[in-house]
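Examining the three-dimensional arrangement
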There are 2 protein chains.
Amino acid sequence: MSTNEAILSAARRSAQAHGYGGLNIRDLAGEVGIKAASIYHHFPSKAELGAAVAKRYWEDTVADLEAMSQETPEPRDALRKYPQIFRRSLENGNRLCLGSFMSAEYDDLPEPVKKEVQTFADVNVAWIGKMLKTAGVVTAEESEARARAIFAAVAGAQLMARSRSDISLFDTLIESYREAGLLPA
Amino acid sequence: MSTNEAILSAARRSAQAHGYGGLNIRDLAGEVGIKAASIYHHFPSKAELGAAVAKRYWEDTVADLEAMSQETPEPRDALRKYPQIFRRSLENGNRLCLGSFMSAEYDDLPEPVKKEVQTFADVNVAWIGKMLKTAGVVTAEESEARARAIFAAVAGAQLMARSRSDISLFDTLIESYREAGLLPA
DNA sequence: CGTCATCTACCTAACATTTGGTAGGTAAAC
DNA sequence: GTTTACCTACCAAATGTTAGGTAGATGACG
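Residue positions are counted from 1 within each chain, in the order its sequence is given. Chains and ligands are labelled by the order in which they are written, letters from A for the one and numbers from 1 for the other. Local features in this predicted model are restricted to residues whose pLDDT is 70 or higher, and side-chain atom pairs enter the listing and the counts only when it is 80 or higher, whereas totals over whole chains, interfaces and linings include all residues.

Under the annotation held in an unreviewed UniProt entry, chain A carries the name TetR/AcrR family transcriptional repressor of nem operon and is attributed to Luteibacter jiangsuensis.

Quick notes on the protein's contact with DNA strand D
Convention followed: Throughout this description, a residue near a molecule or strand is one whose C-beta atom, derived from the backbone, lies within 6 Å of it. Helix and strand labels come from DSSP, where a helix needs a run of H or I of at least four residues and a strand needs a run of E of at least two; each type is numbered from the N terminus. Only Asp, Glu, Lys and Arg are considered charged, only Ala, Val, Leu, Ile, Met, Phe, Trp, Tyr, Cys and Pro nonpolar, and every remaining residue, Gly among them, polar.
Taken together, 15 residues surround DNA strand D, and among them K35(A), A37(A), S38(A), A37(B) and K46(B) come closest. Put simply, the parts of the chain that give the surface near DNA strand D at least two residues each are α3 (36-42) of chain A together with α2 (25-32) and α3 (36-42) of chain B. Of the residues assigned to the surface near DNA strand D, the class counts are seven nonpolar, five polar and three charged.

Concerning the interface of chain B and chain A
Heads up, the rule is: Think of it this way: build a C-beta for each residue from its backbone, and any pair within 7 Å is a contact.
Facing the 36 residues of chain B at the interface are 36 residues of chain A. Elements with a minimum of two residues in the side of chain B that touches chain A: α1 (3-22), α7 (98-104), α8 (111-135), α9 (140-163) and α10 (167-180) of chain B. Per-element tally for the side of chain B that touches chain A: the top contributor is α9(B), with 13 residues. Residues that form the side of chain B that touches chain A fall into these classes: 19 nonpolar, 11 polar and six charged.

Comments concerning the UniProt feature "DNA-binding region" (unreviewed entry) in chain A
Note the threshold: UniProt positions are given in the numbering used here, feature names are shortened, and annotations may be inferred rather than shown by experiment.
Within this structure's numbering, the places UniProt gives as "DNA-binding region" (unreviewed entry) are residues 24-43 of chain A. The span residues 24-43 of chain A is 75% helical and 0% strand by assignment, and the distance between its end C-alpha atoms comes to 14 Å.

Some details on the relation of the copies chain B and chain A
As a reminder of what qualifies: To superpose the copies, least squares is applied to the C-alpha atoms of every residue with a pLDDT of at least 70 in both.
Its rotation angle being 180°, the transformation that places chain B on chain A also includes 0.0 Å of axial translation and leaves an RMSD of 0.1 Å. This pairing of chains is accounted for by a two-fold axis. A share of 100% of the interface residues of chain B reappears at the interface of chain A, consistent with the copies meeting face to face through the same patch.

What follows is the structure in structure tokens.
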């Protein structure tokens, strides 16, 4: 793994735990095993690093979602697996979805970071919407609105589970969404 | 309004916009119209101030919820109004529910603040659960799980709407929850 | 009633630490 | 010999917090 990638991945982990505001150049450098000043050899500023992290985050998410619909061609089944993406963050050190954390911090985010955060939500909603439409769970007109609702609800579930450090709470919340009819059973 | 209350209310507004980490003693003092050092005449530390803010926040929420079930005795109708509490934060300067913001920051919160954040979620879930049970929307055993799901979903909707600075998005998300059957129509 | 001590609510001034960021150097790779 | 990848050493700003002081209100007491 190149140093560049090591920085991006450490920064991502930190940002998922402490947010953009809590992301700290010195600690970040320490985790990568270099000095703080060396970070600036790879990224011109914290803002640009943050934007790069957020960009890579949604790109990885797109890849995960594509892999998911490849492995699970039945859109209903793929949709059922969707919450796993958020679950994995919790498994991985009780971390939050970067998009959720940065949404909370949104007003204080540098402009380039804001853009990428928006895109993260967009790609999620687009994928969910496509699955809904293909599966015929709801009408085509409703599918985008429903996709947004699912995305927001799953993010909320992750937020709540995290504050209790309780992954099983996440599971029961998702199960409740299914029982209520928000997610396909 | 006493200085003490002025501090609490300004701190609350700031924390709802920037989080606990983004809450800043100097700026806070500036908004109240006193100097930073004077804050420490009223609160021993930022941590204790944060805890006081969070405590007052859920106390106010309890009062709002009680008023709501007084004004709207039919629990189904009261439940329908529940999202308004979150909507008001968005109306009031695109602010987030303090509980949501602090849930995101949870790992970095001082201990006294953590406790109050938990309580905020508890009182919300308790109220929603009581309404569900009284209204008979779901079985008594399911009502707590469903209450948690509703709380998490509404918080998620607020988070998403905020990052787009779009209150109407919040409304359509809530409407989607109703259509899907998560919230009573 | 007057005066003296105490308390309240604020202030100025500073301190230590943490932060993002820069200047300039070094040593190996190409 | 230029470029790459890192370093040491520093800076300026921001942050939570403290020390110590002041002006006015309050209350006790001769």
